[in-house]
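Close look at the chain arrangement
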Amino acid sequence: CCWCKYKDCFGFESVRTAKLPFLVLLFISVALAVLVKASVFTIEIVADLDEGCDEEFTDTCEENAQVYRISFSSFIFFTLLALVTRCSTTIHTHWWIPKVLIYFLILVITFFIPNSFFFGYVQLARILSGFYLLLQIIVLINFVYWLHTWLNSSAGSSATACNDVYLMTYLALSIISFAVSIVGIALIYTYFATPGCQLEQFFTSFTLILGLVGIFLSVWNRINMGLLTPCVVFLYCVYVLWDALLSDPDAECNPTADSSEGDNEVAIIVISLLIVGGSIVWTSYRTGEALLSIDKENVEDREEEKPANSYEMSDNMRDLATGGDGKRSATPAAGAKEDSPLVGMGTTGGQPIDDPAGEMLWLFHAILALASAYLSMALTNWGNTDGENEESGSNTTGETNVWVKIVSQWVTFALYYWTLTAPLCRGEDASA
């Protein structure tokens, strides 16, 4: 029927491929937010966007008000999907046109809401953004340890020729990561941490010291975690440092602080869209995938530890919960029919979905909801509501932005050091 075609168009029936349209919708949110923040256009339907704004910074305040509405609409959309897919994954793989219409309907509705409502949303978004950054750090550390383990195990289980390839890959990635980190530190000293910029010099020197200490700890024979993990973490932290210093509103210590003015405005908008949009979408996808894989491993571990009579135990408990006597047999009675597959509960048209982690799709949408909240913080100096604190023409500069990114870098180092030293605290010694 026409409605069936309407419901199932585009053909994203696989759980994995169906994630792509949601990532596209998230990128659309980022693109809209970057464009309104850059004053390319204004979305003004009914709401008074200058409500509560400082008169001297009305333009910036109105731009932020639009960013909050775009962020909030995306946050509500993905939060609803997280709740619905907790019960049925069919919503994830079907009903595409209604979902897109609902997304834009929520966006339009937010422009009928006064600014005062979003002052409260800003407080919530700050908290959620902190969780989002923390998840990114955990996923990064989990990834570098996985890469270290995979390359080492592959080298140990392969033939001689392949063994050399894995070892050379491990060594090459370590050297490249370390070399790029050192070059990055040198460039930051040259262009950002210049004489007279004491705070920027401290940030850069502290990053260099922490990175080198991490390398020495990792190769210490009592820990023996190799070169790759500390070098990749060092590289990531140098990137975070560079990103933080790009947010510095002081033009003397940040040569790009005033670059949004003049002939380079279009280039800055495009670069901001690619950096902000690409990083948020990609890290959201990878965070969701990593958390799903971690959950899948835990499920598999529980399945391996399950006792032989777990079928009987599970069914007896279910029988008691539904009012029975709890004395069901582990073997179905003769002639009894097996339960038919449920349509909509992790299935497509009565057939099981090909993704074994399909029942955890709510987590993927929850990550996108967190990313939507973080979007509003990344573009508005972490919740600027009146525009007064944004001191330069750049769209993403501000002291709050600098400190949030620097603190996230320190948390990355702290968590990584903890993963290195925790075995020693438990009495484990790699040199033994």
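Residues numbered from 1 in each chain as written. Predicted model: local features only at pLDDT ≥ 70, side-chain atom pairs only at ≥ 80, totals over all residues. Heavy atoms only, no water.

**Details of the overall build of the chain**
Assigned secondary structure in the chain consists of 13 helices and two strands. Considering only contacts within the chain whose residues lie at least 6 apart along the sequence, 78% involve residues at least 24 apart. (Helix = DSSP H or I, 4+ residues; strand = E, 2+ residues; numbered from the N terminus. Contact = heavy atoms within 4.5 Å.)

**As for the packing of helix H8 (residues 198-219) against helix H13 (residues 399-425)**
Running from amino to carboxyl end, H8 crosses H13 at an angle of 15 degrees, the nearest separation of the two axes being 11 Å. When the axes of H8 and H13 are compared, the pair comes out roughly parallel. When the axes of H8 and H13 are compared, the crossing they make is left-handed. For the pair H8 and H13, contact is made by Leu 199, Phe 202, Phe 203, Phe 206, Thr 207, Leu 210, Gly 211, Val 213, Gly 214, Leu 217 and Ser 218 and by Val 402, Trp 403, Ile 406, Gln 409, Trp 410, Phe 413, Tyr 416, Tyr 417 and Leu 420, respectively. Broken down by class, the residue content of the contact of H8 with H13 amounts to 15 nonpolar, five polar and no charged. (Axes fitted to C-alpha atoms, helices over the stretch in contact; angles between N-to-C directions. Parallel < 35°, antiparallel > 145°, perpendicular 65-115°, else oblique. Left-handed = near helix turned anticlockwise from the far one by under 90°. Nonpolar A, V, L, I, M, F, W, Y, C, P; charged D, E, K, R; others polar.)

**What to know about the state of the cysteines**
Under the definition given, this model contains one disulfide. In this model, Cys 197 is linked to Cys 253 through a disulfide, with the two sulfur atoms separated by 2.0 Å. Looking down the S-S bond of the Cys 197 and Cys 253 bridge, the torsion is -95 degrees, so its handedness is left-handed. One end of the pair, Cys 197, is in the loop between helix H7 (160-191) and H8; the other, Cys 253, is in the loop between helix H9 (228-246) and helix H10 (265-305), and 56 residues separate them in sequence. Cys 253 shares its class with Cys 197; the two are buried. (Disulfide = S-S within 2.5 Å. Buried < 20%, exposed > 50% of the residue type's maximum accessible area, 1.4 Å probe, protein only.)

**Regarding the packing of aromatic side chains**
Ring pairs (aromatic) are described by centroid distance and by the angle formed between their planes. Scanning the entire structure with this criterion turns up 23 aromatic pairs. Ring centres of Phe 117 and Phe 118 lie 5.2 Å apart, and the angle between their planes is 90 degrees; on these two criteria the pair is classed as edge-to-face. Judged by its relative accessible area of 41%, Phe 117 falls in the partly exposed class. On the numbers, 5.7 Å between centres and 85 degrees between planes, the contact of Trp 150 with Tyr 166 is edge-to-face. Taken as a pair, Trp 150 in helix H6 (residues 115-157) and Tyr 166 in helix H7 lie far apart in primary sequence, 16 residues in all. Given a relative accessible area of 23%, Tyr 166 falls into the partly exposed group. (Phe/Tyr/Trp six-rings, centres within 6.5 Å; stacked < 30°, edge-to-face > 60°.)

**Things to note about unusual backbone geometry**
Unusually for a residue other than glycine, Trp 95 sits at a positive phi of about 60 degrees. Mapped onto the elements of the fold, Trp 95 is located in the loop between helix H4 (90-93) and helix H5 (96-110). In this structure Trp 95 comes out as partly exposed when scored by relative accessible area, which is 25%. Positive phi outside glycine occurs at Asn 224, with the angle close to 55 degrees.

**Quick word on the nonpolar core**
Soluble globular proteins tend to pack their nonpolar side chains together in the buried interior. The biggest cluster of nonpolar side chains holds 34 residues, and the ones touching the most others in it are Phe 22, Phe 77, Phe 78, Tyr 121 and Leu 368. Going through the elements one at a time, helix H2 (19-37), helix H3 (58-85), H5, H6 and helix H12 (361-379) are the ones with two or more residues in this core. Once you skip the residues sitting within four places of it in the chain, Phe 22 turns out to touch Phe 77, Phe 78, Leu 81, His 92, Trp 96, Lys 99, Phe 364, His 365 and Leu 368. Among the nonpolar cores identified, the runner-up in size contains 18 residues, and Leu 210, Leu 228, Tyr 417 and Leu 420 belong to it. (Core = buried A, V, L, I, M, F, W, Y, C linked by side-chain atoms within 4.5 Å.)

**Here's the deal with the pattern of salt bridges**
Across all of its chains, the model carries two salt bridges by this definition. Note that Glu 63 and Lys 37 form a salt bridge whose closest N and O atoms lie 4.0 Å from each other. One end of the pair, Glu 63, is in helix H3; the other, Lys 37, is in helix H2, with 26 residues separating them in the sequence. Take Glu 63: its relative accessible area is 11%, and that puts it in the buried class. Taking the shortest distance from any N to any O, the salt bridge between Asp 243 and Lys 405 comes out at 3.5 Å. Of this pair, Asp 243 sits in helix H9 while Lys 405 sits in helix H13, and the two are 162 residues apart along the sequence. (Salt bridge = Lys/Arg side-chain N within 4 Å of Asp/Glu carboxyl O.)

**Thoughts on the packing of H2 against H12**
One way to put it is that H2 packs onto H12 with a least axis distance of 11 Å and a crossing angle of 10 degrees. Regarding the angle of H2 to H12, the classification is roughly parallel. Of the residues in H12, those touching H2 at Lys 19, Phe 22, Leu 23, Leu 26, Ser 29, Val 30, Ala 33, Val 34 and Lys 37 are Leu 361, Phe 364, His 365, Leu 368, Ala 371, Ser 372, Leu 375 and Leu 379. Taken together, the residues of the contact of H2 with H12 sort by class into twelve nonpolar, three polar and two charged.

**Notes on the side chain of Ser 154**
Tracing the backbone through its elements, the reader meets Ser 154 in helix H6. Here Ser 154 falls in the buried class, since its relative accessible area comes to 9%. Of the polar contacts made by the side chain of Ser 154, one reaches the backbone oxygen of Trp 150; its length is 2.7 Å. (Polar contact = N/O pair within 3.5 Å; in protein donor to acceptor, adjacent residues only side chain to side chain.)

**Some details on H2**
For an α-helix the count is 3.6 residues per turn, leaving residues at separations of three or four pointing the same way. In this model H2 runs 27 Å from its N-terminal to its C-terminal C-alpha over 19 residues, within 8% of the 27 Å that 1.5 Å per residue would give. Of all 19 residues making up H2, 14 are buried, and the element is well covered by its neighbours. Phi turns positive one or two residues past the end of H2, at Ser 39, with a value near 60 degrees. (Expected span 1.5 Å × (residues − 1).)

**Topic: the environment of Val 232**
Tracing the sequence through the fold places Val 232 in helix H9. Sequence spacing of Val 232 and Ile 175 is 57 residues, and the spatial spacing of their C-alpha atoms is 9.8 Å. Beyond its immediate chain neighbours, meaning those up to four positions away, Val 232 contacts Val 144 and Ser 177.

**Let's talk about the environment of Leu 424**
Among the structural elements, Leu 424 can be located in helix H13. For Leu 424, a relative accessible area of 21% gives the class partly exposed. Put simply, Leu 424 and Arg 222 are 202 residues apart on the chain and 7.8 Å apart in space, counted from C-alpha to C-alpha.

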